[in-house]
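Architecture at a glance
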Amino acid sequence: DVPGDWATQVKVLILVNAAMTGTGLAISTWARTSEQASLVSIYLVGFQLPLSGTILALPEAIAPLVRPFIAAYWSWSGYLQAMRETRYYDLVVQISNTPVSTTDMAVFVLGAHLLVAGFISWLGLSKSQW
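Throughout what follows, the structure given in this document is the object of discussion. (Residues numbered from 1 in each chain as written. Predicted model: local features only at pLDDT ≥ 70, side-chain atom pairs only at ≥ 80, totals over all residues. Heavy atoms only, no water.)

1. Notes on the overall build of the protein
Looking only at helices and strands, the protein features six helices and zero strands. Counted from the first residue to the last, the protein has its helices and strands arranged as α-α-α-α-α-α. C-alpha atoms of the protein, sized along the principal axes, occupy 60 × 30 × 25 Å. The burial tally for the protein puts 37% of its 130 residues in the buried class. Long-range pairs, those at least 24 residues apart, make up 63% of the contacts in the protein between residues at least 6 apart in sequence. Surface exposure of the protein reaches about 8,600 Å², of which carbon and sulfur atoms provide 69%. (Helix = DSSP H or I, 4+ residues; strand = E, 2+ residues; numbered from the N terminus. Buried < 20%, exposed > 50% of the residue type's maximum accessible area, 1.4 Å probe, protein only. Contact = heavy atoms within 4.5 Å. Areas by Shrake-Rupley, 256 points an atom, 1.4 Å probe, with all protein chains shown as cover.)

This is the structure we're talking about:
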């Protein structure tokens, strides 16, 4: 029984999964081997949470440069905004030093991640393998 707007939560969940899947596909189209693609994808996923700033605070000089590329931050912001009218939102905002972005901005950035990943995948697929 998670509080908040479930439609927004589902929308953000679908978008972040699509964005990360697209990013994994983009990596796969450019990697020389499947092992290389798997390794890079694992590193990418592993760095999402620390670089999002939601668990560990990032230095103020680095955060604005890194945050646009971190899908986990946008997912966290969008999901948290869906609970804006609850005490959970107030608690997280009080505890976290990370600014929370709007749901619209989170949806826009995750959609941009998906489009860019699709374009990079298309470029990777269109390059000659022979």
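After that view of the structure, there is still more to cover.
2. A word on the nonpolar core
Core analysis: the largest hydrophobic core is formed by 16 residues, its most contacted members being Tyr73, Trp74, Leu80 and Leu110. Among the secondary structure elements, those contributing two or more residues to this core are α1 (6–30), α4 (71–81) and α6 (103–126). Element by element, the count of residues in this core is highest for α4, at five residues. Filtering out sequence-adjacent residues up to four positions away, Trp74 remains in contact with Val12, Arg67, Pro68, Ser101, Met105, Ala106, Val109, Leu110 and His113. (Core = buried A, V, L, I, M, F, W, Y, C linked by side-chain atoms within 4.5 Å.)

3. A closer look at the environment of Glu60
Inspection of the secondary structure puts Glu60 in the loop between α2 (34–52) and α3 (63–66). C-alpha of Glu60 to C-alpha of Thr98: the two residues are 38 residues apart in sequence and 9.8 Å apart in space.

4. Considerations on α1
A rise of 1.5 Å per residue sets the reference length of α1, with its 25 residues, at 36 Å; its end C-alpha atoms lie 36 Å apart and thus fit the reference within 8%. Those residues of α1 not exposed but buried are Thr8, Gln9, Val12, Leu15, Val16, Ala19, Gly22, Gly24, Ala26, Ile27 and Thr29. (Expected span 1.5 Å × (residues − 1).)

5. Details of α4
Burial of α4 is extensive: nine of the 11 residues sit out of reach of the surface. Of all the residues in α4, the buried ones are Ala71, Tyr73, Trp74, Ser75, Trp76, Ser77, Gly78, Leu80 and Gln81. Against α1, α2, α5 (87–95) and α6 lie the buried residues of α4.

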